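Chain by chain, the residues:
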Amino acid sequence: MLNFDKEYFNIGYLDTLAYKNTFVHRLDPRVKLVTTIVFVFMVVSFPKYELSKLIPFFIFPVFMSAAGEIPARFILKKLLFVSPFVFFVAIFNPVFDTAAMYNLYGIKFSGGWVSCISIMIRFTLTISSALLLVATTSFPGVCRALERLYVPKVFVVQLFFLYRYLFVLAEETMRIVRAINMRTFGRKKYGLKIFISTIGLLFMKTVERSERIYHSMCSRGFNGEIRLLKMDKTGFADIVFAVTAIALFIIFRRYDIARILGELAL
Amino acid sequence: MHMSDALLSPAVGGAFWAGALGVIAYCARKLKQKIDEKIIPLMGVLGAFIFAAQMINFTIPGTGSSGHLGGGMILAVILGPYAAFIVMASVLSIQALFFADGGLLALGCNIWNLGIYPCFIVFPLIYNTLVQAGSSPKRIVVVSMISGVAALQLGAFSVVIETLLSGRSELPFGTFIYMMLPIHLAIGLMEGFITAGVINFVRSARPEILESVSVSKDLSPGISLKNVLAGFLILSVVTGGALSWFASSNPDGLEWAIEKVFGTSELSEHEKGIAPALKHVQNKTSFLPNYSFKHGDDASEKEKSKEAWPNIAIGTSVSGIAGAIMVAGLILLCGLGIKFVKIKRD
């Protein structure tokens, strides 16, 4: 029943990473969000047999994790953990696309292998950049950025609330699960019946909590209007960061830096 | 089940983002019109509830593996479609950012696949028409299971369509469908069963909770036929151009599969085929309107040169690989350099 503690501390860990104070952390959340989105668009916009042009793009996640002091091992672990679905889809490319594409000293590489590797590289790039965005911005920071980019307020507030109570409810769940474990003599497997009543119990506690929250909001003057604190400012450093990053992405997208470098070297 | 950035093309990802954002904006407006303040904290906490519930596993009977709650159906039943959709979108956003489920571009697809179908198709058309306030627990179980299956089948089918339209994967339509749908049949049955179980459990233990919740549900009374039709219209606009392309050039999924197995790849055309239909939406959403479409041409060039590849001098591909290794090395050095400077400064 418990792969629970692990997941819980995982979110907690990402959250603590976001409160470091580095150059990357100090950047305006909007700038980081927009840059990351541009990055993802660039990476996925390559045709499916692209390999060498993708490699220079690693500079972005590497920079973010190095300058933001985010442990690369943690990011890689997370990537590995969610890779099965993509891998499962990509691994069929070599099966269905067998036309030879590269011939390296007599060893033939089919187009399928090339596109399969390409998919895995895209996966690494896009997912790590998303993780690094939260790890260097904090989730409330991302929400503030969304609000200032004109995402509907109800949705932004929903995100704030969800994030705020995620930890509270996770602790609640932990208490319930611990109570069950103590009464079942450490049995590891649980059937549907116990599962459903556990979730049901959690649900009831959740609704009761939401009523208490509502009352306390009312007593603090909540009248249906949602107010958010705005404090991010775009400074000179932010503009430099965004312009440099996006200019680099455009260069990487247009020119095959890796191939040019390889030709120069050989 | 989560769609992933790596399998998407910008056109498909952008189109589904546009769709998802449009529906979020629509729901936000609907909620604002008839806001019951009470629902705001409830929505937030229920989003967190879905997460907490997903952290608990159960053992699937007959097999050793474990499953957990998805959430879309139970939210729709409790909150009504508009609020449920917003909550589901927020849950998926957190999953994309914290659990690396899918990625930023694929988030649009995921909100579409896991939010739209349970909230705006299955709930109003199946669940709400078949279950009334006084329905028996058994009826709730049966209807929930049908709903769960319908929602997840639609979602899984969408994943297949999105993957195929993007043209990054070589999986033939038929094979992919055969793999996705049966798995999600099982998942859908479980989802429905759990949803019904929780609703029945709460109904027997503390019926007043569901009643108090359904007071706030009144702010989005049952969807009218007009809204459902509007939903279908959005759906058909997004998938329509694409599907009609499939219909015209691939009369039969199996034929297509055979064609693919024998290696006549038409994927570059495929990209071009959907491009015009989606270009309008893309132009609106993309940060660099004309830019990301360049890959259509790139792909065709690549495709043309593909035949020539084996004849091309070894040198070209070797220099590509050598260059790639060098660039990767340089990037790594940059990273280590930054780290080193930081440590020194401390």
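Counting restarts for each chain: residues are numbered from 1 in the order of the written sequence. Whichever chain is written first is A, and whichever ligand is written first is 1; the rest continue in order. Local features are withheld for residues below a pLDDT of 70 in this predicted model, meaning they are given only at 70 or higher, and side-chain atom pairs are given and counted only at 80 or more; totals for whole chains, interfaces and linings count all residues.

> Can you tell me about the overall build of chain B, naming the residues and giving the values?
Secondary structure follows DSSP: runs of H or I at least 4 residues long count as helices, runs of E at least 2 residues long count as strands, and numbering of each begins at the N terminus. Across its full length, chain B holds 13 helices and two strands. Neighbour counting defines burial: a residue surrounded by 20 or more other C-beta atoms within 10 Å of its own C-beta is buried, one with 12 or fewer is exposed, and intermediate counts give partly exposed, using backbone-placed C-beta atoms. Buried residues in chain B amount to 52% of all 346 residues. The contacts of chain B with a sequence gap of at least 6 include a subset with a gap of at least 24, amounting to 80%. Two residues form a contact once the distance between their C-beta atoms, set from the backbone, is within 7 Å.

> Lay out the overall build of chain A in plain terms, naming residues and giving numbers.
Each helix and strand in chain A was counted, giving 13 helices and two strands. Taking 266 residues into account, the globule formula puts the C-alpha radius of gyration at 18 Å, and chain A, at 23 Å, lies well above it. Projected onto its principal axes, the C-alpha coordinates of chain A cover approximately 70 × 50 × 30 Å. Looking at chain A residue by residue over its 266 residues, the buried ones come to 47%. Put simply, 76% of the contacts in chain A that link residues at least 6 apart link residues at least 24 apart. Put simply, the radius of gyration uses C-alpha atoms, and a globule should come to 2.2 Å times the residue count raised to 0.38.

> Go over the interface of chain B and chain A with me, naming the residues and quoting the values.
Counting from both sides, the interface comprises 102 residues of chain B and, opposite them, 108 residues of chain A. Polar here means any residue outside two lists: the nonpolar Ala, Val, Leu, Ile, Met, Phe, Trp, Tyr, Cys and Pro, and the charged Asp, Glu, Lys and Arg; Gly therefore counts as polar. Residues belonging to the side of chain B that touches chain A are distributed by class as follows: 63 nonpolar, 25 polar and 14 charged.

> Outline the confidence of the model for chain A, supporting the account with residue identities and numerical values.
Scored by pLDDT, chain A comes out at a mean of 84, with 91% of its residues at no less than 70. Within chain A, helix H4 (residues 59-67) of chain A carries the highest mean pLDDT (93), whereas helix H1 (residues 4-17) of chain A carries the lowest (69). Residue-level confidence of the predictor is what pLDDT reports, using numbers from 0 through 100.

> Any chance you could break down the packing of helix H3 (residues 72-79) of chain B against helix H7 (residues 173-205) of chain B for me, citing the residues and the numbers?
Each pair of packed helices gets described by two things: the angle between the helix axes and the distance between those axes. Residues and elements named next belong to chain B. In this analysis, axes come from line fits to C-alpha atoms, helices being fitted only over the stretch in contact, and the angle between any two N-to-C directions falls in the range 0 to 180 degrees. Where H3 contacts H7, the two axes come as close as 9 Å, and the packing angle between them is 35 degrees. Judged by the sense of rotation from one axis to the other, the crossing of H3 with H7 is right-handed. Here Met73, Ile74 and Val77 of H3 lie close against H7, whose contacting residues are Glu191, Gly192, Thr195, Val198 and Ile199. Split by residue class, the contact of H3 with H7 holds five nonpolar, two polar and one charged. When the near helix sits turned anticlockwise from the far one by under a right angle, the crossing is termed left-handed; a clockwise turn instead gives a right-handed crossing.

> Tell me about the environment of A:Ile117, and please be specific about residues and values.
Mapping A:Ile117 onto the fold places it in helix H8 (residues 111-137). Spatially, the C-alpha atom of A:Ile117 lies 22 Å from that of A:Val38, the residues being 79 residues apart in sequence.

> Give me the nonpolar core: which residues, what numbers.
Core analysis: the largest hydrophobic core is formed by 174 residues, its most contacted members being A:Ile199, B:Leu46, B:Phe49, B:Leu75, B:Ile86, B:Val87 and B:Met88. When residues in this core are grouped by element, the largest group, 16 residues, is from helix H5 (residues 104-130) of chain B. If we ignore the near neighbours within four places in the chain, the residues touching B:Leu75 are B:Leu46, B:Ile50, B:Ala84, B:Val87 and B:Met88. We call a set of buried Ala, Val, Leu, Ile, Met, Phe, Trp, Tyr and Cys residues a nonpolar core when their C-beta atoms link them within 7 Å.

> A description of the domain arrangement of chain A should follow, citing residues and the corresponding values.
According to the domain assignment, chain A consists of domain 1 (1-151 + 231-261) and domain 2 (152-229). For domain 1 of chain A versus domain 2 of chain A, the distance between C-alpha centres works out to 32 Å. For the domains described, the bounds stem from an automatic or database domain assignment.

> Run through the environment of A:Pro29, naming residues and quoting values.
Residues and elements named next belong to chain A. Summarising the element assignment, Pro29 is placed in helix H3 (residues 29-44). Accessibility expressed as a C-beta count within 10 Å gives 24 for Pro29, which makes it buried. For the pair Pro29 and Phe139, spaced 110 residues apart in sequence, the C-alpha to C-alpha distance is 9.7 Å. Pro29 has contacts with Thr137, Gly141, Val142, Arg144, Ala145 and Asp232, leaving out every residue within four places of it along the chain.

> Now, about the confidence of the model for chain B: what can you tell me, with residues and values included?
Residues and elements named next belong to chain B. Chain-level pLDDT for chain B is 71 on average; 64% of the residues reach the 70-or-more range. At the level of individual helices and strands, chain B shows its lowest average pLDDT in helix H10 (residues 253-261), which scores 37, and its highest in helix H6 (residues 137-166), which scores 90. Under a pLDDT of 50 for its full length, residues 239-313 has, in the predicted model, 82 contacts with residues more than four places off or in other chains. Across the assembled chains, the prediction reports ipTM 0.83 with pTM 0.76.

> Kindly report on the environment of B:Cys27, identifying the contributing residues and their values.
All names here are of chain B. Within the fold, Cys27 resides in helix H1 (residues 10-33). Put simply, Cys27 and Tyr82 are 55 residues apart on the chain and 5.1 Å apart in space, counted from C-alpha to C-alpha. In this structure Cys27 touches Tyr82, Phe85 and Ile86, once residues within four positions along its chain are discounted.

> Account for the packing of H3(B) against H5(B), with residues named and values stated.
All names here are of chain B. Remark: H3 packs on H5, axes separated minimally by 9 Å, with the N-to-C direction vectors making an angle of 55 degrees. One element, H3, and the other, H5, form an angle in the oblique class. Crossing hand, H3 versus H5: right-handed. Taking contact as the criterion, the partners of Gly72, Met73, Ala76 and Val77 in H3 are, on H5, Leu114, Gly115, Pro118, Cys119, Phe123 and Tyr127. A class-by-class count of the residues in the contact of H3 with H5 yields eight nonpolar, two polar and no charged. Put simply, angles under 35 degrees are roughly parallel, angles over 145 are roughly antiparallel, angles from 65 to 115 are roughly perpendicular, and the rest are oblique.

> Tell me what's going on with unusual backbone geometry, and back it up with residues and numbers.
Trans peptide bonds make up the majority, and among non-glycine residues the majority have a negative phi. Residue and element names in this part refer to chain A. At Ser138, a residue that is not glycine, the phi angle is positive and equals roughly 75 degrees. The residue Ser138 is located in the loop between H8 and helix H9 (139-148) in this model. Residue Ser138 is classed as buried on the basis of its 20 C-beta neighbours within 10 Å.

> Go over H6(B) with me, naming the residues and quoting the values.
Expected helix span is given by 1.5 Å per residue-to-residue step, counting one fewer step than there are residues. Between its first and last C-alpha, H6(B) extends 43 Å over 30 residues, near the 44 Å set by a 1.5 Å rise per residue. Phi turns positive, to about 70 degrees, at B:Gly167, one or two residues after H6(B).

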